[in-house]
Amino acid sequence: MTRPADYPPPFTAAEALGPPTDPPDERIDVGVLVVGAGPAGLACAIRLGQLLEQEPEVRERLGEVPVAVLEKGKQPGSHLLSGAVVNPRGLRRLFRARPELDSLPLLNHVDGEAVYFLTGGGSLRIPTPPTMKNEGNYVVSLSQLGRWLAERAEEAGAMILPETAATKLLVQDGRVVGARTGDKGRGREGEELANFEPGADLVSRVTVLAEGTQGHLTGAALDRFGLNGENPQVWALGVKEVWRVARPLDRVIHTMGWPLRGGARYREFGGSFIYPMGEDLVTLGLVVGLDYRDAELSVHDLLQELKTHPLVRDILQGGERLEWGAKTIPEGGFLALPQRLHAPGLLLCGDGVGMVNVPALKGIHYAIESGRLAAEAAFDALRPGRTPATPGALAGYDDAVRSSFIWRDLEQVRNMRPAFGRGFWVGGALAGMMTATRGKLPPLTFRTERDSEHELFATGRAERYPAPDGKLTFDKLSSVFLSGNKTRDDQPNHIRIQRDVPRELAQMWVRMCPAQVYELGAGSGDGVHVEVNASNCVQCGAITAKGGRLTPPEGGSGPEYTRT
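Presented here is an overview of the structure given in this document. All values reported here derive from a predicted model rather than from experimental measurement.

### Considering the sheet that holds strand 17 (residues 270-276)
An order of 7-6-16-17-18-15-19 is seen for the seven strands of this open sheet, with the pairing classed as mixed. The open sheet is flanked by strand 7 (123-126) and strand 19 (320-330), the only strands paired with a single partner. Recorded for the sheet is a direction-independent mean angle of 20 degrees between the axes of neighbouring strands. In the packing of helix 6 (residues 299-306) onto the sheet, contacts are made with strand 6 (113-118), strand 15 (235-244), strand 16 (252-257), strand 17, strand 18 (281-289) and strand 19, and the angle to strand 15 comes to roughly 45 degrees.

In structure tokens form, the structure reads like this:
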């Protein structure tokens, strides 16, 4: 049988690491460099602004740009996508009693919820598992929340640099000293076009990586500094749609079961969410673990199939699809956390290191809290008489995370995700035991395996996916259009895969990708050449989990999410 791991991409982590290359007088000096304008990075920038306001002498030491935030999308929020029902705890701790809380873009307080087990034509409402209860939480658009947080960060004094991809982590004398931004205006073969702009070295006293899921520099840093945990990270892929509907939805809905199969041989773990977003909008999505084995599984097409179920079809009846997007989610949880969350000159936050509670379907408040704690650790290391270059100067961040609700929450559910590798029913029974005992039983630590290590087979499943009708069900290309994709057709290919691979692997990539990036080319027998349409890519990151490598495209590329 074929395993994606047997066909590694033509990429090494060393490509994402290196010393500064610009002459010293051409480098851009910043105090703290934050890579990623998501919840973690922006929370870090906001908290730094609060602290620097209280101690202006520290702010003065950091120069003209005390805090800079790099965002690879068109603007903050462009690449942010989540369910999302948010626990407001992290936001309240970040802003405390400040008036900013009054203007938070929280769409709906969760006043009702329901969980259903689906079969092909029916549904059974089941008690809401304790981990999934959402009393006191809010439905949000993460892209809108990201833009709001960016405004608060700028008000706090941060400089946000949109359309700026961080392509290389700058490491000198064993410590991180900043990041290099990517070139712009290169052609398909890497040649300089008329509008060419070279990247630049941004050097900093502390660099905070808050890149989110499948972070390019984060993965390189974990390897370079030996930070990887005992268990590998595992991932899920979520595909999401936003609809304008004829009738308002009055509750948060989650489903499990159909269209996923429960047998252990398939390793199909996941479920759907359907959330109200105001009076006339509904967001729905399907999340599936990327440790699945069927080469014909397509999360995008499974979502289309889900919408044909009577429960879902009734909610969408008479509605209109407005937006679509896709994103990976780290699911390794506590077992896959790095051994340390810091290295000399470096701090790591949020989804990039796997701070997601899979049973609770929550990660945003952990990202915000980790960003806040990173800011406090960085600030402490920048005080007079201290320097972040000193070994252990940033170790207080690890101590703070281990004392926080992030650590306690993730430790209690550490074994739940790997338990479902034994199939839905066995996994469900184990999860129930873990919930009842707050993770104390069973008294052992499970292991995770890389998603790319699982052998593939094909079942003919694709024959059952519904044909797109343009009203309820849709193809991939029309979906990519609704993502607002801004990727330039003639820029260099940012996706690394082996092009000549077994047909089973090529077929898996074609089906897996929600944006129709991969196509089967010429081939004979069991081998095939894979064609890559990189301009379709919405940077979901699934290819990195299943045998390839996503690298940063030109800054400003990718989706332009507005309501996801």
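### Side note on the environment of T255
Positionally, T255 belongs in strand 16. In this structure the C-alpha to C-alpha distance between T255 and Y116, which are 139 residues apart in sequence, comes to 4.7 Å. In this structure, T255 is in contact with Y116, L118, G271, S272, L306 and L311, ignoring residues within four places of it in sequence. One polar contact links T255 to S272, side chain to side chain, over a distance of 2.5 Å.

### Concerning the packing of helix 8 (residues 364-381) against helix 10 (residues 405-412)
Two numbers describe how helix 8 lies on helix 10: the axes approach to 10 Å, and their chain directions differ by 145 degrees. From helix 8, H365, Y366, E369 and S370 reach across to helix 10, where they touch F405, I406, D409 and L410.

### A few points about the environment of G212
Inspection of the secondary structure puts G212 in the loop between strand 14 (201-209) and helix 5 (216-224). Residue classification places G212 among the buried positions, given a relative accessible area of 18%. Taking the C-alpha atoms as reference points, G212 and A114, 98 residues apart in sequence, are found 29 Å from one another. Once residues within four sequence positions are removed from consideration, G212 is found in contact with D351 and G352.

### Focus on the nonpolar core
For soluble globular proteins, nonpolar side chains are generally found buried alongside one another. Grouped together as the largest cluster of nonpolar side chains are 88 residues, with contacts concentrated most on V208, L347, M355 and Y397. Discounting chain neighbours no more than four positions away, the residues touching M355 are L337, L341, G350, G363, Y366, S370, Y397, V401, I406 and L410. Listed in part, the 62 residues of the second largest apolar core include W258, L302, V312 and A534.

### Focus on the pairing of strand 18
One face of the sheet, then the other: side chains in a regular strand alternate in exactly this way. With respect to burial, strand 18 is a largely interior element, nine of its nine residues being buried. Burial along strand 18 is two-sided: the face carrying L281, T283, G285, V287 and G289 and the face carrying V282, L284, L286 and V288 are both buried. Direction of pairing for strand 15 relative to strand 18: antiparallel, over a ladder of nine bridges. Its bridge partner being in strand 18, V239 is matched across the sheet by L286.

### A closer look at helix 6
Helix 6 sits mainly inside the fold: eight of its eight residues count as buried. Looking at helix 6, one finds that the buried residues are V299, H300, D301, L302, L303, Q304, E305 and L306.

### Here we look at the packing of aromatic side chains
One pass over the full model with this rule turns up seven aromatic pairs. With centroids separated by 6.5 Å and ring planes inclined at 40 degrees, the aromatic side chains of W509 and Y518 adopt a geometry described as tilted. Residues W509 and Y518 agree in their burial class; the two are buried. The ring of Y266 has R261 lying over it, and the distance from NZ or CZ to the ring centre is 3.9 Å. Lying over the aromatic face of Y292, K546 brings its terminal NZ or CZ to 4.7 Å of the ring centre.

Rules of the game
- Residues numbered from 1 in each chain as written.
- Predicted model: local features only at pLDDT ≥ 70, side-chain atom pairs only at ≥ 80, totals over all residues.
- Heavy atoms only, no water.
- Pairing = 2+ DSSP bridges.
- Helix = DSSP H or I, 4+ residues; strand = E, 2+ residues; numbered from the N terminus.
- Axes fitted to C-alpha atoms, helices over the stretch in contact; angles between N-to-C directions.
- Contact = heavy atoms within 4.5 Å.
- Polar contact = N/O pair within 3.5 Å; in protein donor to acceptor, adjacent residues only side chain to side chain.
- Buried < 20%, exposed > 50% of the residue type's maximum accessible area, 1.4 Å probe, protein only.
- Core = buried A, V, L, I, M, F, W, Y, C linked by side-chain atoms within 4.5 Å.
- Phe/Tyr/Trp six-rings, centres within 6.5 Å; stacked < 30°, edge-to-face > 60°.
- Lys NZ or Arg CZ within 6 Å of the ring centre and 35° of its normal.

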